[in-house]
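What the coordinates show
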Amino acid sequence: ASSPRLRLELDATQLTIRMEIHSYADIAIPLPGVAKQWLAQQVLLDDKPAQAFLRQPDGQLWLSVTKGIHQVLLAGPLPTRNTVQLPLPLKPHFVEVHATGWQVEGLHENGMADDQLQFTREQTESRPAILEMGSLPPFVQIERTLLLGLDWQVATRVTRLTPIGSAIVLEIP
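Quick look at the structure, then. (Residues numbered from 1 in each chain as written. Predicted model: local features only at pLDDT ≥ 70, side-chain atom pairs only at ≥ 80, totals over all residues. Heavy atoms only, no water.)

When helices and strands are counted, the protein chain shows zero helices and 14 strands. If you list the helices and strands of the protein chain from N to C, you get β-β-β-β-β-β-β-β-β-β-β-β-β-β. When its C-alpha atoms are laid out on the principal axes, the protein chain stretches across 60 × 45 × 30 Å. When burial is assessed residue by residue, the protein chain has 34% of its 173 residues classed as buried. A total accessible area of about 11200 Å² is found for the protein chain, and carbon and sulfur atoms account for 55% of it. Of the side chains in the protein chain, 14 bear a positive and 18 a negative charge, and the two mean positions are spaced by 6 Å. (Helix = DSSP H or I, 4+ residues; strand = E, 2+ residues; numbered from the N terminus. Buried < 20%, exposed > 50% of the residue type's maximum accessible area, 1.4 Å probe, protein only. Areas by Shrake-Rupley, 256 points an atom, 1.4 Å probe, with all protein chains shown as cover. Lys, Arg positive; Asp, Glu negative; His and termini not counted. Charge placed at Lys NZ, Arg CZ, Asp CG, Glu CD.)

Another aspect to go through is the nonpolar core. Ranked by size, the top nonpolar core spans 29 residues in total, and within it Leu8, Trp38, Leu63 and Val72 carry the most contacts. Listed by contribution, the elements that provide at least two residues to this core are strand E1 (2–10), strand E2 (14–23), strand E3 (27–34), strand E4 (42–45), strand E7 (60–65), strand E8 (68–77), strand E9 (83–87) and strand E12 (113–121). Sort the elements by how many residues they give to this core and E2 lands first, with four residues. The contacts of Val72, once residues within four sequence positions are left out, are Ile17, Arg18, Met19, Ile21, Leu31, Val43, Leu44, Leu45 and Leu63. (Core = buried A, V, L, I, M, F, W, Y, C linked by side-chain atoms within 4.5 Å. Contact = heavy atoms within 4.5 Å.)

Tracing the backbone through its elements, the reader meets Gln37 in the loop between E3 and E4. At 2.9 Å, the side chain of Gln37 and the backbone nitrogen of Gln85 are in polar contact. Discounting chain neighbours no more than four positions away, the residues touching Gln37 are Pro79, Arg81, Thr83, Val84 and Gln85. (Polar contact = N/O pair within 3.5 Å; in protein donor to acceptor, adjacent residues only side chain to side chain.)

What follows deals with the environment of Gln42. Mapped onto the elements, Gln42 comes out in strand E4. Each C-alpha atom, one on Gln42 and one on Ala75, is 5.2 Å from the other, the two residues being 33 residues apart in sequence. Residue contacts for Gln42: discarding those within four places in its chain leaves Leu73, Leu74 and Ala75.

We now examine the pattern of salt bridges. This structure, assessed with the given rule, holds five salt bridges. Residue Glu20 is joined to Arg5 by a salt bridge in which the shortest nitrogen-to-oxygen separation is 2.3 Å. Of the two residues, Glu20 sits in strand E2 while Arg5 sits in strand E1, which places them 15 residues apart along the sequence. Each of Arg7, Glu9 and Glu96 takes part in one network of salt bridges that share partners. (Salt bridge = Lys/Arg side-chain N within 4 Å of Asp/Glu carboxyl O.)

Turning to the sheet that holds E1, a few remarks are in order. Sheet architecture is open: six strands sit in the order E5-E4-E8-E2-E1-E10, paired in mixed fashion. Since the sheet does not close on itself, it has two edges, and those belong to strand E5 (48–49) and strand E10 (94–99), each with one partner. Across 10 bridges, E2 lies against E8 in antiparallel orientation. When the bridges of E8 are listed, Ile21 appears paired with His70. (Pairing = 2+ DSSP bridges.)

Turning next to the pairing of E2. Burial analysis of E2 places seven of its 10 residues in the buried class, which makes it a mostly covered element. Here E1 folds back onto E2, and the loop between the two strands holds three residues.

Relative to strand E14 (residues 153–160), strand E13 (residues 140–147) runs antiparallel, the two being bridged by eight bridges. Bridging from a neighbouring strand, Ile142 pairs with Val158 of E14. Between E13 and E14, which follow one another and run antiparallel, lie five residues.

Below, the structure is given as structure tokens:
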């Protein structure tokens, strides 16, 4: 199966995902999201409530689809925290995002997405930052080694210092 298009719509409280699926056989596909971050409360397959699901112990939701082209709609409330991560296990070829009040990381200008998207609430004076209990933001150590010879080179090594359990989205110049 493959996903040629994915459209995300975010507002202050809701995330809606429209996903096109091309399946070459009767198969189960992984859906975006995991229970620890965001999980859909409504799943429609071709405008009808989806019936066959599997949720793995890690929180990944799978949907059974038949051979052919299908439209999948996922909708659910967003958690009240400031940052939400959305893994894309069946990576789409083109991603379109309409986000009101959110910054999106992991999406490139050409519509290509990384394996995971991260949404961060935009802070305004009317809505201050929400203090969250739980895990601390990711912390990494960056080491750069300059190799000065006939050909100058820079070797960069990034080491994760926080526990493993969630993905990290970094921009390292």
